[in-house]
Amino acid sequence: SSGINAEWPLRPGDEGIGKVIDTLRLKGMMDNTVLLFTSDNGAYRFGSNYPLRGGKWSHLEGGVRAVSFVHSPLLEKSGYTNTNLHHVTDWYATFQKLAGDNPEKHSKPQLPIDGVDIWRSINNNESCRDEILYELRDPSKRLDSAGRNGLDNFKKYPINLKTFEAKFRKVEHKFSYDAQDFFVIRWKNWKLLVGTGIMLQGWTSESGQRDEYKQFLSYEGKMHPWSIVSGTFLFDLSTDVREEHNVADKYPDMVMKLLDKKQGYLDKMKTVEERNFSNKGKVDGVWKPWVEL
């Protein structure tokens, strides 16, 4: 069989983490340590995100909702499941404060960070944020390696609202990510996906079988791994965590409320050159910041 044995990638991690914990205990440091184990995204083709919709690369819950655990003697509340809204960038802000760093006291101005300190959430189950910007793509904010605005590429390679099949992706389909123009945001229990070039996926089966995971309903009504679509999708995750019901038409006021947040994010965005096509950020073979902030 060509199946993957999950033990293979996990065993070295378990052994390595065990050695770190043993050393912390030996040095008397464990009582002042916070251990975090987290995933960056949902499973792709070799795992199950059941009962959630979608997987890696999508903005659906199966792609963006990940599991993690925190262990520390410093926790006031433990042994519970925390369902508050967190973003992976929050860990930096949280550890920064836990380590005693106060950015506001630095002699030089510090660049703003995206994350928020979520220690109150982890420690006492208090909500620390109610909004996450998953992604905002705007062709006017992107340049290619020749300095051309993404809007030019949008015209040259417009979004093709067909199923993103492998043969399309590798050979026939000239697709520019500059042509994507969409906004995805979560506010409290609401999630909005709106624009052109949104990736939609289907649901993993309860058994998590690979062949069944591939059965996504495409833009054209056929069964394919995923589809690139255009439209407005609103989900109420408090009653529809599987994202089965698009309620954009039912709650137009909520759509407009979330769309109003888009301009605030756009105002903060800078026009950047795509790193994948840029040589500005490569110094001695190493990628370094290539945008002047």
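Look a little higher up for the structure.
Below is a summary of the structure that appears in this document.

Criteria and cut-off values
- Residues numbered from 1 in each chain as written.
- Predicted model: local features only at pLDDT ≥ 70, side-chain atom pairs only at ≥ 80, totals over all residues.
- Heavy atoms only, no water.
- Pairing = 2+ DSSP bridges.
- Helix = DSSP H or I, 4+ residues; strand = E, 2+ residues; numbered from the N terminus.
- Axes fitted to C-alpha atoms, helices over the stretch in contact; angles between N-to-C directions.
- Contact = heavy atoms within 4.5 Å.
- Phe/Tyr/Trp six-rings, centres within 6.5 Å; stacked < 30°, edge-to-face > 60°.
- Buried < 20%, exposed > 50% of the residue type's maximum accessible area, 1.4 Å probe, protein only.
- Polar contact = N/O pair within 3.5 Å; in protein donor to acceptor, adjacent residues only side chain to side chain.
- Patch = residues over 30% accessible without salt bridge, like charges linked within 9 Å, V, L, I, M, F, W, Y side chains within 5 Å.
- Areas by Shrake-Rupley, 256 points an atom, 1.4 Å probe, with all protein chains shown as cover.
- Salt bridge = Lys/Arg side-chain N within 4 Å of Asp/Glu carboxyl O.
- Core = buried A, V, L, I, M, F, W, Y, C linked by side-chain atoms within 4.5 Å.
- Lys, Arg positive; Asp, Glu negative; His and termini not counted.
- Arc of directions from axis to C-beta.

## Examining the sheet that holds strand β9 (residues 227-236)
1) Next: Sheet architecture is open: four strands sit in the order β3-β5-β6-β9, paired in antiparallel fashion. Each end of this open sheet is capped by a strand with a single partner; those strands are β3 (131-137) and β9. Here the average twist between neighbouring strands, direction ignored, is 10 degrees.
2) Next: Bridge analysis of strand β5 (residues 181-187) against strand β6 (residues 190-200) gives seven bridges, and the strand direction is antiparallel. When the sheet's bridge partners are listed, R186 is paired in β6 with K191.
3) Next: Contacting β3, β5, β6 and β9, helix α8 (residues 252-268) runs over the sheet at an angle of about 110 degrees to β5.

## Some thoughts on the packing of aromatic side chains
1) Next: Considering all chains together, one arrives at three aromatic pairs under this definition.
2) Next: Between W91 and F95, the ring centres sit 6.0 Å apart and the planes meet at 25 degrees, which makes this aromatic pair stacked. Of this pair, W91 and F95 both sit in helix α3 (residues 90-98), four residues apart, which is roughly one turn of the helix.
3) Next: Judged by its relative accessible area of 32%, F95 falls in the partly exposed class.
4) Next: Between W190 and Y251 the ring centres are 5.2 Å apart and the planes differ by 65 degrees, which places this aromatic pair in the edge-to-face class. With W190 in strand β6 and Y251 in the loop between β9 and α8, this pair connects stretches of sequence that are 61 residues apart.

## Thoughts on the pairing of β9
1) Next: Of all ten residues that make up β9, seven are buried, and the element is covered over most of its length.
2) Next: With ten bridges joining them, β6 and β9 adopt antiparallel strand pairing. When the bridges of β9 are listed, L193 appears paired with F233.

## Looking at the side chain of E131
1) Next: The topology assignment puts E131 in strand β3.
2) Next: Judged by relative accessible area, which is 17%, E131 ranks as buried.
3) Next: Among the polar contacts made by the side chain of E131, one reaches the side chain of Y265 at a distance of 2.5 Å.
4) Next: Once you skip the residues sitting within four places of it in the chain, E131 turns out to touch L85, I185, R186, W187, K261 and Y265.

## A few points about the environment of R53
1) Next: Within the element layout of this structure, R53 appears in the loop between β1 (35-38) and α2 (61-64).
2) Next: For R53, a relative accessible area of 12% translates into the label buried.
3) Next: Residues in contact with R53, not counting those within four places in the same chain, are L60, E61, G62, G63, L200, Q201, G202, W203, F235, R242 and E243.
4) Next: At 2.9 Å, the side chain of R53 forms a polar contact with the backbone oxygen of E243.

## A closer look at a nonpolar patch on the surface
1) Next: Together, I17, F37 and F69 make up a nonpolar patch on the protein surface, roughly 270 Å² of accessible area in all.
2) Next: Note on placement: F69 falls in strand β2 (residues 68-71).
3) Next: According to the relative accessible area criterion, F69 is partly exposed, its value standing at 45%.

## Side note on the nonpolar core
Soluble globular proteins tend to pack their nonpolar side chains together in the buried interior.
1) Next: One finds F183, W190, L192, L234, M254 and L258 to be the most contacted residues of the largest nonpolar core, which totals 14 residues.
2) Next: Counting residues per element, the ones that place at least two in this core are β5, β6 and α8.
3) Next: Broken down by element, the residue count for this core peaks at four residues, all from α8.
4) Next: Not counting the four nearest positions on each side in its chain, L192 is found in contact with F183, V184, I185, T232, F233, L234, V255, L258 and L259.
5) Next: Grouped together as the second largest cluster of nonpolar side chains are ten residues, V184, L193, F233 and L237 included.

## Remarks on the side chain of R53
1) Next: The side chain of R53 sits in the buried core without any salt bridge; E243 is the nearest counter-charge, 6.0 Å away.
2) Next: A polar contact of 2.6 Å, which involves the side chain of R53, links it to the backbone oxygen of Q201.

## Quick notes on α8
Helical geometry: 3.6 residues make up each α-helical turn, so side chains three or four residues apart lie on a common side.
1) Next: Within α8 the residues assigned to the buried category are M254, V255, L258 and L266. When α8 is viewed along its axis, its buried side chains cluster within an angular range of 125 degrees and face the same direction. Exposed and oriented more than 90 degrees from the buried face of α8 are D253, D260 and D267.
2) Next: Buried residues along α8 sit in contact with β3, β5, β6 and β9.

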